[in-house]
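# Structural overview for review
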Amino acid sequence: MNSEITLPVELPREEAGHTLHGDLKELTKARLSMLVVITTFVGFCMGLESQIDWLRLFNAVAGTAMAAAAAAVLNQVMEADVDRLMERTRRRPLPGGRMSRGAALWIGCGLGIAGVAYLALAVNSASAVLAALTIAIYLAIYTPMKRKTSFCIAVGAVAGAIPPMIGWAAARSSFGLGAWVLFGILFTWQMPHFLAIAWMYRDEYAQAGFVMLKRDDPSGAATATTSLLYTLGLGLVSLIPFTAGMNSGAYLLGALLLDCGMLGFALLFLMQRERSSARLLFFASIIYLPLLLGLMVCTKS
């Protein structure tokens, strides 16, 4: 970690327009953590072989949420200096000077240890190992890779696709086709989602030294083509639950409609390659995922 981290730590402080509660939400990336909670819940529901155990579900979601929050906090500790260089991140608690790196480090480490230990003690070892693996991939591989190669987005997508597998493992302590299908859906969904973000903020990322896009792609043709290919892959993977007998025909119809919508916005991005079309693809992906996962849970065979 950066040598600026010193002890004793400086406690977080409030400033005009900012509250400690708001800073903690931003530090733990509460919205992203909510996505983790949702996908863990879906993984648990799809992995059930009998009646739902609500306490076990709560424990699985709580432990995974703590692990996800830990990764978010420690990521900001590692990138505090870089966050100061980008408009979209310079007001975060660390670059904004409202919290010390030392305090954030303690928060992040505490959440990580608590989350993994909680899963191990209250759920099972498989879910705890997967949570620890998620944190390790995100911090040890994805975060430093962002400064070296655009392949970092795929690595980050691997970490982001593990939470539903945690939920599945919590439900049945083993893995099956369904767990890998959920992983595949989350992985392929994240690619057009984050490539759209990378294109929208490409100038800021480049100024900060992040290599989120291919260096030899000034027109965005390669980025948009990659988004389209992964969207096609998402469409194929999303149909497996029906073909494998996991879900009913209602799921197939809904998935096809959602896939057509995503494909349309991916094609628009390929044709225009502008911020506006990337933004539309980004919002389409936000709508797509909860609808698909909700449909999957409701139509489980």
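Residues numbered from 1 in each chain as written. Predicted model: local features only at pLDDT ≥ 70, side-chain atom pairs only at ≥ 80, totals over all residues. Heavy atoms only, no water.

## Focus on the pattern of salt bridges
- Scanning the model with the defined rule gives eight salt bridges in all.
- Each of Asp 81, Arg 84 and Arg 101 takes part in salt bridges that share partners, so that together they form one network. (Salt bridge = Lys/Arg side-chain N within 4 Å of Asp/Glu carboxyl O.)

## Let's talk about the packing of helix α13 (residues 249-272) against helix α14 (residues 275-298)
- Relative to each other, α13 and α14 sit at 170°, their axes nearing to 9 Å. As the angle between them shows, α13 and α14 are arranged roughly antiparallel. Side by side, α13 and α14 meet where Ala 250, Tyr 251, Gly 254, Ala 255, Leu 258, Asp 259, Met 262, Phe 265, Ala 266, Leu 268, Phe 269 and Gln 272 of the first sit next to Ser 276, Ser 277, Ala 278, Leu 280, Leu 281, Ala 284, Ser 285, Tyr 288, Leu 291, Leu 292, Leu 295 and Met 296 of the second.
- Considering only residue class, the contact of α13 with α14 consists of 18 nonpolar, five polar and one charged. (Axes fitted to C-alpha atoms, helices over the stretch in contact; angles between N-to-C directions. Helix = DSSP H or I, 4+ residues; strand = E, 2+ residues; numbered from the N terminus. Parallel < 35°, antiparallel > 145°, perpendicular 65-115°, else oblique. Contact = heavy atoms within 4.5 Å. Nonpolar A, V, L, I, M, F, W, Y, C, P; charged D, E, K, R; others polar.)

## Quick look at the nonpolar core
- Met 46, Ile 153, Ile 185, Phe 210, Met 212, Tyr 288 and Leu 292 are the most contacted members of the largest nonpolar core, which totals 77 residues.
- Counting residues per element, this core draws most heavily on helix α9 (residues 177-200), which supplies 15 residues.
- Non-local contacts of Ile 153, meaning those with residues more than four positions away in its chain, are made with Met 191, Phe 194, Leu 195, Ala 198 and Met 212.
- Val 73, Leu 94, Met 99 and Ala 104 belong to the second-largest nonpolar core, a separate cluster that totals eight residues. (Core = buried A, V, L, I, M, F, W, Y, C linked by side-chain atoms within 4.5 Å. Buried < 20%, exposed > 50% of the residue type's maximum accessible area, 1.4 Å probe, protein only.)

## Considering the confidence of the model for the protein chain
- Here the protein chain averages 91 in pLDDT, and 94% of its residues register 70 or above.
- Within the model, pLDDT remains below 50 along residues 1-16, and this stretch shows 31 contacts once partners closer than five positions in the same chain are excluded. (pLDDT = per-residue confidence, 0-100.)

## Some details on the packing of aromatic side chains
- Applying the stated rule across the entire model yields six aromatic pairs.
- With centroids separated by 5.1 Å and ring planes inclined at 35°, the aromatic side chains of Tyr 138 and Tyr 142 adopt a geometry described as tilted. Remark: Tyr 142 and Tyr 138 occur in helix α6 (residues 125-145); sequence separation between them is four residues, near one turn of the helix.
- Taking relative accessible area as the criterion, Tyr 138 reaches 16% and is therefore assigned buried.
- Overall, Tyr 142 belongs to the buried group, its relative accessible area being 11%.
- Among the aromatic residues, those joined into a ring-pair cluster are Trp 180, Phe 183, Phe 187 and Tyr 230.
- Over the aromatic face of Trp 199 sits the side chain of Arg 202, whose NZ or CZ is 3.8 Å from the ring centroid. (Phe/Tyr/Trp six-rings, centres within 6.5 Å; stacked < 30°, edge-to-face > 60°. Lys NZ or Arg CZ within 6 Å of the ring centre and 35° of its normal.)

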